[in-house]
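A look at the structure
Take a look at the letters that make up each chain.
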Amino acid sequence: MLILLGMPIVQIVLFGFAITTEVKNVRVAVFDPSKDELTRRIIDRIDANEYMNVTQYLTDNAAINNVFRKNQADLVVVFSDHFSDDLLHTGKTSVQLVADATDPNTATMLVGYATNVIRAVQAENTQSGYIPAGNIIPQVKLLYNPGMKAAYNFVPGVMGLILMLICAMMTSISIVREKEMGTMEVLLVSPVRPIFVVIAKAIPYFVLSCVNLVTILLLSRYLLEVPVAGNLFLLASVSMLFILVSLSLGLLISILTQTQMAAMLASGMILMMPVVLLSGMIFPTENMPLILQWISDIIPAKWYIMAVKKVMIEGVGLAYVTKEIIILAAMALLLLTVSIKKFNVRL
């Protein structure tokens, strides 16, 4: 009944609000060494655009990479040193648009938004006689994925989806199977403590999931040609932490349900839709309503995908993924604690 009556409501809400081709709330950083009237007009127009907000001003070129690595900006607008003077004396000038191309579709849309704003300002000011007829040339620079390969965006997302669903589905039937087969009594009368029963159920699947991780990385590198730009050990460590979170979630489902069918439905159908739609795997969570952004924050796959993109694609170190690691570790601890407590209650 929950699936028959509740699933349509969940689907229409998620598909209606989460699936959108628009990119909203774009965080724009600006590097403006010329600081003339024309650059100020362009910056004001960008900030007034309904899709973009100027969030910070950079003081040097070296800060551009950092704002992307720290996830503080989606687009950086870089003006030339003598922006208006170049337009006045040579008839042309340039503005550089720097975007994070780990998501090629989003990067293309961001550059398109900024280009349209710049061209609109140029046309208005030329018609009014404020600037001479000339050409402002947007120069696009795509970081981390200059070839605009879609695999750079989808591989981290697919890694999160596969590990989450497989790990949760495998462990979700581990304890509930004991209940259905009637062998739970053997565990109940044994001297083994509940915490060791839960851990013992997770260890075999943890090892199998690590094998899956190695397979996924090998296929990503040599079949899909997605490079591992960062530290491989850091990537593996974050992935194993996420596997632990997924296994803990599966164990909790296994403890709370009474049949293998219910466990499979909970771990498969109920988890798949939030992971696909609300983890940032396909659609940026920043474009969603605030309530869905809050819900996405409790989905472990969101933080794992963010960490994988930073380490695997951007090549950053531990300092840039500390937040994601802390959140995943807290989730693993919480899920394991609740699983053990619930198992104790049943004993």
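Everything that follows concerns the structure shown earlier in this document.
Residues numbered from 1 in each chain as written. Predicted model: local features only at pLDDT ≥ 70, side-chain atom pairs only at ≥ 80, totals over all residues. Heavy atoms only, no water.

1. Regarding a nonpolar patch on the surface
Put simply, the test is: Nonpolar side chains (Val, Leu, Ile, Met, Phe, Trp, Tyr) within 5 Å and like charges within 9 Å form the patches, drawn only from residues with over 30% relative accessible area and no salt bridge. The accessible surface values rely on the Shrake-Rupley method and a 1.4 Å probe; as for residues, cover is taken only from the protein chains in view. Salt bridge, as used here: a side-chain nitrogen of Lys or Arg that lies within 4 Å of a carboxyl oxygen of Asp or Glu. Working definition: helices are DSSP H or I runs of at least four residues, strands are E runs of at least two. Numbering for both runs from the N terminus.
A grouping of Val192, Ile195, Phe196, Ile199, Ile203, Val207 and Val211 is seen on the molecular surface, where their side chains present a nonpolar patch of about 590 Å² in accessible area. Tracing the chain through its elements places Ile199 in helix α9 (residues 194–222).

2. Some details on the side chain of Glu314
For clarity, the cut-off: For each residue, the accessible area found with a 1.4 Å probe, counting protein chains only, is set against the maximum for its type, and the residue is called buried under 20%, exposed over 50%, and partly exposed in between. Note on charges: Lys and Arg go in the positive column, Asp and Glu in the negative column, and His and the chain ends are not counted at all. In this description, contact between two residues means that some pair of their heavy atoms is separated by no more than 4.5 Å.
You can see Glu314 is positioned in helix α13 (residues 300–314). One buried charge, Glu314, has no salt-bridge partner; the nearest side chain with opposite charge is Arg69, at 5.6 Å. With residues up to four places along the chain from it excluded, the contact list for Glu314 reads Phe68, Arg69, Asp100, Thr102, Tyr144, Ala229 and Lys309.

3. Some remarks on the pattern of salt bridges
Under the definition given, this model contains five salt bridges. A single network of salt bridges, built from pairs that share partners, joins Glu37, Arg40 and Arg41.

4. A few points about the nonpolar core
Generally speaking, a soluble globular protein has its nonpolar side chains buried in company with each other. Our working rule: What makes a nonpolar core is a set of buried Ala, Val, Leu, Ile, Met, Phe, Trp, Tyr and Cys residues whose side-chain atoms join them at distances within 4.5 Å.
Membership of the largest hydrophobic core comes to 68 residues, with the highest contact counts inside it found for Leu58, Phe68, Val76, Met159, Tyr304, Met312 and Leu328. The greatest single-element share of this core, amounting to eleven residues, is contributed by helix α10 (residues 232–256). Sequence-distant contacts of Met312, defined by excluding residues within four places in its chain, comprise Val155, Met159, Leu217, Ser220, Val226, Pro227, Val228, Ala229, Gly230 and Leu235. Counting residues in each nonpolar core, the second largest holds 30 residues, with Ile43, Leu97, Val121 and Ile136 among its members.

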